Each structure stands twice: as structure tokens, then as C-alpha cells.
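Descriptive structure summary
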Amino acid sequence: MRLKELSSQSSYNDNILIEGNKYTVGTNDGKEFRSVTYKGTKLLSGKPMMVFKTNGISKEQLTINPSFHTFTLEYNEGEENG
């Protein structure tokens, strides 16, 4: 996505995360969740939350409040082992 396309969007976070893609997500307390798959958003008390699934054996759901979120790193194909 080009910078011009990003600046013309109506919201600061439209289409930044893509459902089904893997990410490393950091929160403002220093926690880091590596190689989680983005599933979309859901409402919690009327506020949209980001929903991820862990990719380990247990496949747990990880729900993050966007105001507690500090960074997201997207995995490119073939980068998970390096």
C-alpha cells in the first residue's frame, strides 16, 4: 500500500491488519506475542478489540485493546524461522 493510499483512508487503522496473516504484537507493558494470526475485531463493552489466535499447540485466543497496543510486525513468507 502506498503512502498516498494510507493518507486518504478515513480512519487511522483501516486495513492495516489483514485477516489470516501472522504478526508479532507488542503491548505498552512490554509483553510481546510472536507469530499470532489476526482473526479480526470483536466488540467488548461497545469497544472494538483486535482478536488473534496463537499458533502453538493450544491455539488460544488473544484479544488486545487497541489503546494498549504499541506495535505490530507482519511476517513475510519464509521469515518465521529466521
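A brief look at the structure comes next. Quick caveat, the model's predicted, so the values are computed rather than measured. (Residues numbered from 1 in each chain as written. Predicted model: local features only at pLDDT ≥ 70, side-chain atom pairs only at ≥ 80, totals over all residues. Heavy atoms only, no water.)

Brief notes about the sheet that holds strand E5 (residues 69–74)
Keep this limit in mind: DSSP calls a pair of strands paired once it identifies at least 2 bridges connecting them. The helix and strand labels rest on DSSP assignments: H or I over at least four residues marks a helix, E over at least two residues marks a strand, and numbering proceeds from the N terminus. Axes, fitted as lines to C-alpha atoms, cover a helix only where it is in contact. Angles between the N-to-C directions of the axes lie from 0 to 180 degrees.
The antiparallel open sheet is built from five strands, whose spatial order is E4-E3-E2-E1-E5. At either end of the open sheet lies a strand with only one pairing partner, and these are strand E4 (61–64) and E5. Each strand axis lies, on average, 45° off the axis of its neighbour in the sheet, ignoring direction. Inspection of the sheet shows strand E3 (residues 47–54) paired to E4 by four bridges, in the antiparallel sense. Note on E4: the bridge partner recorded for Phe 52 is Leu 62.

Some details on the nonpolar core
Put simply, the rule reads: What we call a nonpolar core is a set of buried Ala, Val, Leu, Ile, Met, Phe, Trp, Tyr and Cys residues that are connected through their side-chain atoms within 4.5 Å. Only protein chains enter the area calculation, which uses a 1.4 Å probe; residues under 20% of their type maximum are buried, those over 50% are exposed, and those in between are partly exposed. The criterion used for residue contact is that any of the two residues' heavy atoms lie within 4.5 Å.
By size, the foremost hydrophobic cluster in this structure holds nine residues: Leu 17, Tyr 23, Val 25, Val 36, Tyr 38, Met 50, Phe 52, Leu 62 and Ile 64. Residue assignment for this core shows that the elements contributing at least two residues are strand E1 (22–27), strand E2 (32–44), E3 and E4. When near neighbours in sequence (up to four residues on either side) are disregarded, Val 36 contacts Asn 21, Lys 22, Tyr 23, Val 25, Phe 52, Lys 53, Thr 54, Asn 55 and Leu 62.

Some words on the side chain of Thr 27
By the element assignment, Thr 27 lies in strand E1. Setting aside residues no more than four positions away along its own chain, Thr 27 makes contact with Phe 33, Ile 64, Phe 68 and Thr 70.

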